Amino acid sequence: MLRRAFLFCVLLVLSAQADLFNDLSLFGGAPLFQISEWDRPNFNARNAAGTSESLEKDREPLGPDYKDPNPAGTEDKPVVAAPPQEKDKPVLIPKKENQGPKQPANIPAVGMGGGIVDINANPGGFPSFASPFGPDFEFPPLPLPSLERPAGSFGIGGLFGIDEGSKWWKGKNVCIEREESTDDDTDDGKKDEDGKNKTESSEEPNFFATSIRLSNCFETENKYECVTRINNHGVVKTFTVRYKCCYGFKRTSDGCTKQVDLKPVLQTLDDLKLDEFRGLIKSSGLDGNFEASNFTIFVPSDIAIHEYNERLNDMNRVDPARRRRALNALSSKDLVLSHTVDGFVELADLENEATLESEDNKKSTIRINVYPTHSYEKMLTANCARLRKGNILAENGIIHIVDRVITPASERIEEIVKNNPKLTSLAKALENSDILKHLKADGHYTIFAPTDEAFSKLDETQRQKLLNGGSCASNILKHHIVAHTVCSSAIIGNATTHNVDGVVLNMERTVDDELTFEGKAKITQADLIGTNGVIHLIDSLVIPESGQYIGNVIKTHNYTKFQELVEKAGLTEELNNFDNATVFIPSDQAFENPETVKLLEGIGNDQSKLQQLVRYHVIDGEVESTDMSNDMKIPTKDAGKELRVNLYSTLPLFTNVINRATINCARLTGFDEKVCGSIVHEVNRVLAPPTKNILEIIQDNEKYSTLRELLNGTEVEKVLQQNNRSITFLAPTDETFALLEDKDLKMLKENKEKAEEVLRNHVLTEVLCCAGVGPHTWGFNSYVPTMGNQRVEVGRTGNQIHVNRAVVTSCDTVAVNGVLHTINKVLAPKKAPVTSVGGGFFFFDL
């Protein structure tokens, strides 16, 4: 009962925009109140007979079999759609062939701001309502902020069915488009032999899968659209109704009342004074084509054609082969037809990365791109030519004016690279890498292509490795590739995008109208259009850190001390040639540690020992921080000697969140820096391989003589010398034992059983490095179990680490079987815990 009540409340909230009340019969009652017909999609029938009479008179049926959906919940048996006819795909009812063109939206004024050009191929969209309709359903995209508020928002009038004013889409000269599709909402998406949807029974019925209807309506400058999704016992139908001004009419404040004076396409070109393009049509003998059929034309302005002719004249002064390569030797007829598309194309209905097929012999591609601007308006391009004015209507077509002659796109970008005489080095590098197999024929990419001159700026060794597809080639080349189309006209001021590896790229248009890439390379030739993207030629190769040798990264990140150590050991070339390795680099401050100073003084100029030390910082395989696990042991290039990884949570409220990692108790202070053939992590200590177990460390240190005496002959002594352990030992010094009363110390020395009990309390059953101890916070205490089946409380206050009431005076003596810390107080076994007033537990030493 509570579940139904909760779901009922959810439905009431959704119903402010969704037409759910006809389905409330599943509760056994009538609808609570009726939504005004103004806020309904006109296909939402009140009964099986049809829609409301006021809207039916304007109806344009989608097809002879189209029917509006019956109110959900009115039948006892599930309504099952006919099986899809082609490969189980949803059936889409087509529009009538004789349906005329609709009025396109006006193109907003182009904003002049730069910014981010990294946009999806299909931008926008509300998140889907997951429960009843499955994961694939999305509502129509949101309008841009500069347009009107979406209709059907949560207004007072809309909520209670009150007419908030006249709706333009209910007036005259409005044409209606309708679409219907059916898809399967079952878990496995399979069908039985009869073509019916399979359903799975469950002990508790799925409330939402019984019968539910969800509608969403929104309004833009040129249309009002409603999408309704109905889930009737697992069969999901989608109904779309789109209201637009009929072709030849434009929106005004009163609706679609402004009628456009339509003229034939050729006369419209004359009226617009697009004389150059009109002249090309006439000289090509294409007047009859444009008089007999419907076309959409992307017309270059007269200035654009003049600039094109000037380039042709310049190329006439060079050899004919180069001229053909530069401009593809287009005839006047090919030029006109490469700007022409069959039928009526409304720009407002085109999504980013939409492609159109032109009327030239090669059926070359015209790619439409839509870029956002700082003014929340749109910048549109056609094959990277910027649209200056769009949607100029004629009797038999639509005209869009562009700012340059459109380059026909008939080759893939890979073919353009291969055939361009300036890109022979890039073509070879791509061929010898694995990049080409990832470029799809139907994709949309941008390549910032380094020219042969750019490759020549590299040192010969690096250039040859790159050309031959060496270990860094893939990283370097992918840095120059973007997985969407970035036209040069979209770069206004500063702009950013992302390459295929997700790395941010910066582009800039300077005050001198020069385009730069990553602040290091100049774009020397822009917008070479292919069927699957665009190419910009650059004069310098940009080497990302993921493509630099590790020696260069050490220099650029000022790891001067480690660099000196590598050079002294004679391993610079070895590090640069690493392939599939991980390097832990100590910071310069790490070399100031007294233990490190002592270690290096002991090694001196012994190159063999220096090489062992450097190689101990290197492991095979690219191990990122996300690949690490607690108590992970990794063999190094120093004869397989192991590094120990430990992971910790030092957050009082989030004890399950790992936020700190150590390598041999050295803290990981920088991580996951990708370089050529390696991954680099920064640590705050120089790593030295442990050579002793915990017991051997105690035996070799004079300050632990009392501890050695107490350990002698106990089980704890045996544990501390087992090399396969992962433990922490808290070691009191002789001075610490001397602080005990004489009778207590005497008892420990004479009573092995009592000594065993006390010593077990100093053995932690896990490796606890000092870096893994979080701050002490009242009410949030951290406890670590001991070998004595008790727990000790650990915490950090300032620079001091406390273990119960003891302070750690010396941290992180790393052993082969764990770590040893020196403490200033003997940890005697605890009494039974006493509950505090605040709800925590406080333990007191004996």
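See the structure above.
Residues numbered from 1 in each chain as written. Predicted model: local features only at pLDDT ≥ 70, side-chain atom pairs only at ≥ 80, totals over all residues. Heavy atoms only, no water.

## Looking at the pairing of strand 8 (residues 295-300)
By the criterion of burial, strand 8 is predominantly enclosed, with six of the six residues buried. Burial of the side chains of strand 8 extends over both faces: F295, I297 and V299 are buried on one face and T296, F298 and P300 on the other. In the sheet, strand 8 pairs with strand 9 (residues 340-342) via three bridges, with the strands oriented antiparallel. Of the residues in strand 9, the one forming a bridge with T296 is V341. (Buried < 20%, exposed > 50% of the residue type's maximum accessible area, 1.4 Å probe, protein only. Helix = DSSP H or I, 4+ residues; strand = E, 2+ residues; numbered from the N terminus. Pairing = 2+ DSSP bridges.)

## Overview of the sheet that holds strand 26 (residues 660-663)
One open sheet accounts for seven strands, arranged 23-22-28-27-26-25-24; its pairing is mixed. What marks the edges here is a single partner per strand, and that holds for strand 23 (618-620) and strand 24 (632-635). Across the sheet, the mean angle from the axis of one strand to that of its neighbour is 35°, orientation sign disregarded. Sheet analysis places strand 26 next to strand 27 (residues 666-675), joined by two bridges and oriented antiparallel. When the bridges of strand 27 are listed, I663 appears paired with A666. (Axes fitted to C-alpha atoms, helices over the stretch in contact; angles between N-to-C directions.)

## Considerations on the packing of aromatic side chains
Within the structure shown, the criterion is met by six aromatic pairs. Ring plane angle 15° and centroid distance 4.3 Å describe the contact between F448 and F517, whose orientation is recorded as stacked. Of the two residues, F448 is situated in strand 15 (residues 445-450) and F517 in strand 19 (residues 515-517); the sequence distance between them amounts to 69 residues. The residues F448 and F517 share a single accessibility class, namely buried. Through successive ring pairs, a cluster of aromatic residues spans W168, W169, Y224 and Y243. Residue placement shows R251 over the ring face of W168; its charged tip is 4.3 Å from the ring centre. When the ring centre of Y783 is taken as origin, the NZ or CZ atom of R791, which lies over that ring, is 4.3 Å away. (Phe/Tyr/Trp six-rings, centres within 6.5 Å; stacked < 30°, edge-to-face > 60°. Lys NZ or Arg CZ within 6 Å of the ring centre and 35° of its normal.)

## Some points on the side chain of Q548
Examined against the element boundaries, Q548 turns out to sit in the loop between strand 21 (533-538) and helix 16 (550-556). If sequence neighbours within four positions are ignored, Q548 has contacts with I543, V553, T556, V675 and C676. (Contact = heavy atoms within 4.5 Å.)

## Remarks on the packing of helix 17 (residues 560-569) against helix 20 (residues 607-615)
Running from N to C, helix 17 and helix 20 cross one another at 135°; their axes reach a closest spacing of 8 Å. With respect to each other, helix 17 and helix 20 are oriented oblique. Judged by the twist between their axes, the crossing of helix 17 over helix 20 is left-handed. In this structure, helix 17 contributes F562, L565, V566, K568 and A569 to the contact, and helix 20 contributes Q607, L610, Q611, L613 and V614. Of the residues contributing to the contact of helix 17 with helix 20, the split by class is seven nonpolar, two polar and one charged. (Parallel < 35°, antiparallel > 145°, perpendicular 65-115°, else oblique. Left-handed = near helix turned anticlockwise from the far one by under 90°. Nonpolar A, V, L, I, M, F, W, Y, C, P; charged D, E, K, R; others polar.)

## Some details on the pairing of strand 18 (residues 504-509)
Along any regular strand, the residues point their side chains to alternate faces of the sheet. The sheet contact formed by strand 17 (residues 494-498) and strand 18 spans five bridges and is antiparallel. Across the sheet, the residue bridging to T497 is L505, located in strand 18. Hairpin connection of strand 17 to strand 18: five residues between the antiparallel strands, including G502 at a positive phi of 85°. Pairing of strand 18 with strand 19, which is carried by three bridges, proceeds in the antiparallel orientation. Within the sheet, the bridge partner assigned to M507 lies in strand 19 and is F517. In this structure, the hairpin formed by strand 18 and strand 19 is closed by a connection of five residues, where D513 is found at a positive phi of approximately 65°.

## Points about the sheet that holds strand 12 (residues 378-382)
Strand order in the open sheet made by the seven strands is 9-8-14-13-12-11-10, with mixed pairing throughout. Strands at the two margins of the open sheet, each flanked by one partner only, are strand 9 and strand 10 (354-357). Between one strand axis and the next, the sheet turns by 30° as a mean value, whatever way the strands run.

## Focus on helix 17
Within helix 17 the residues assigned to the buried category are F562, Q563, L565, V566 and A569. All buried residues of helix 17 lie within an arc of 160° about the axis, which places them on one face of the element. Residues of helix 17 that are buried make contact with helix 16, helix 18 (572-576), strand 22 (581-586), helix 19 (594-603) and helix 20. (Arc of directions from axis to C-beta.)

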